Amino acid sequence: MDRFLVGNGAGFSGDRVDAPLPVLRTLIASGLPSAMFFETLGERTVALAHLEKRRDPEAGYEPMLERLLDPILAPAKQHGIPLLGNWGAANPPAAARAVAKLALAQGMPDLRIALVEGDDVTGLVAGGQLPVHEADAGLDMGAWHLIAANAYIGAEPLVEALAQGADVVVAGRTSDPALAIAPLAYHFGWRADDWEKLALGAAAGHLLECGSQVTGGVFWDPGFKDIPDPANIGFPIAEVTAEGGLVITKAAETGGLVDLRTVKEQLLYELHDPAHYITPDVVLDITGCTAEQVGKDRVAVHGLRGHPRPDTLKVTASFEGSWLGEGEVSVAGPNALARARATADVLLQRMKLRGLQVRARVDLIGVASVHDSDDGALWRGYDGPEPPEIRIRLAVEARTRDDADQASREVLALLCCGTAGTGGARWRVTPRILTQSHLVLRERVPVKVSVRTAREILA
């Protein structure tokens, strides 16, 4: 039976940097042909990366790239395990140079690095050439400045990179499942229109894309859904066979678990229509899917179906959209609730007294915050036990940075102007990122693949 393993080393930008090594060790110990991918982009992650690139032309890629790759680059190369990732974010060439520098430092000048470019379609959106996706048609972005627009590219250029002998594939905005589909399609020789096989790859990628979410992360709920050793959750691995088998497991000698519950939760994650999960490579249908526990930390997934891919690709356009101001301060001890309520009311009055053009909200963390509304109905109506301490949080939205800054600084002023026992103030102002989805015909996205050695990239 021809089997291939795909491991996941990251589920988002900011994931645990020590997670990839146990996955790689497990792939190596299996003796099976394998690949490993890293999914480090969210929709706003790309926008923030573009802002970083504006400040520094050599920035704008995954900030933890070197930390993620440093322990695994040499053993992966030695054992012929390619590494794929959308680490490039807004600056794939700079990410490729970072990988090349790491390879040279580790004595691997001939490491072959693929650079996949072309997902940036900012010009098409700026020129009003792309239709807005129907779900976002009601959003008015006319008042905001476009940061960038990136298309979700599929697996085909990644397959091309592997066919050219790439040891590391650096891409920008790919679809998450494409990172798993590509090594599977290359290894098994899947055609670009073999919808059933591509559906298998898409399901594998979807189950692995968020890293430890399928091995106990987020699932974990102490006393209700316990997992072993949560400080050392193992990241997932998909075992795929030429005959169409799919088993989800995880890195050996790690915490967490893989069972029917974790797999079902992740399978349904972000899945709006179980019969029509759209990816650039295939439309996945899980309506006939079943899951089967086939061993400790091993769940088989059956009954996946695929339908032809769409003619269009999704594009996420990101805009600089107003400012977020935040301030926090604490009250503690007897009468904390009364002091917190009074403080909240004063903060809201200060916004009006100063004529600050903001939308404001105050939360009393420890009383009501997550489920409250902007008018504070829950903390105003709270009649439960007196909390020993409360963290007061002011959040404002403003069109200008100055209004957001001045509003949030009102929290700092409470150190002397506030109630008795007020302390621990902090405040900050950050730009808000707004997104809008568009559609683009795939032939209008000029994807380009180049493969060079580390030495050649830095020459």
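Shown above is the structure to which this text applies.
Keep in mind the model is a prediction, meaning the values are calculated, not measured.

Parameters at a glance
Residues numbered from 1 in each chain as written. Predicted model: local features only at pLDDT ≥ 70, side-chain atom pairs only at ≥ 80, totals over all residues. Heavy atoms only, no water. Pairing = 2+ DSSP bridges. Helix = DSSP H or I, 4+ residues; strand = E, 2+ residues; numbered from the N terminus. Axes fitted to C-alpha atoms, helices over the stretch in contact; angles between N-to-C directions. Contact = heavy atoms within 4.5 Å. Expected span 1.5 Å × (residues − 1). Buried < 20%, exposed > 50% of the residue type's maximum accessible area, 1.4 Å probe, protein only. Polar contact = N/O pair within 3.5 Å; in protein donor to acceptor, adjacent residues only side chain to side chain.

**Digging into the sheet that holds strand β4 (residues 112–117)**
- Ordered in space as β11-β12-β8-β7-β1-β2-β3-β6-β4-β18, the 10 strands form an open sheet in which the pairing is mixed. A strand with exactly one partner marks an edge of an open sheet, and here the two such strands are β11 (290–295) and β18 (448–453). Taken pair by pair, the neighbouring strands of this sheet meet at an average axis angle of 20 degrees, ignoring direction.
- Taken strand by strand, helix α1 (residues 20–30) contacts β1 (3–10), β2 (34–38), β7 (236–241) and β8 (246–250), and its axis lies near 165 degrees from that of β2.
- Strand contacts of helix α7 (residues 156–163): β3 (83–85), β4, β6 (168–170) and β18, with the helix running at about 25 degrees to β18, the strand carrying the most contacts.

**Let's talk about helix α9 (residues 195–208)**
- Between its first and last C-alpha atoms α9 spans 20 Å; for 14 residues at 1.5 Å apiece the expected length is 20 Å, and the two agree.
- Counting buried residues along α9, 11 of its 14 residues qualify, which places the element largely inside the surrounding structure.
- Restricting attention to buried positions, one finds in α9 the residues Leu198, Ala199, Leu200, Gly201, Ala202, Ala203, Ala204, Gly205, His206, Leu207 and Leu208.

**Examining the pairing of strand β12 (residues 298–302)**
- The sheet contact formed by β8 and β12 spans two bridges and is antiparallel. Directly across from valine 247, in β12, lies its bridge partner alanine 300.
- Strand direction decides the pairing type here: β11 and β12, joined by five bridges, are antiparallel. Residue pairing in the sheet places glutamate 292 in a bridge with alanine 300 of β12.
- With antiparallel pairing between neighbouring strands as the criterion, β11 and β12 make up a hairpin whose turn holds two residues, including aspartate 297 at a positive phi of roughly 55 degrees.

**Here's the deal with the side chain of asparagine 91**
- Within the fold, asparagine 91 resides in the loop between β3 and α5 (92–105).
- Among the residues examined, asparagine 91 registers a relative accessible area of 4% and is labelled buried.
- A polar side-chain atom of asparagine 91 sits 2.8 Å from the main-chain carbonyl oxygen of alanine 59.
- Those residues in contact with asparagine 91, other than ones at most four positions away along the chain, are Lys53, Pro57, Glu58, Ala59, Gly60 and Tyr61.

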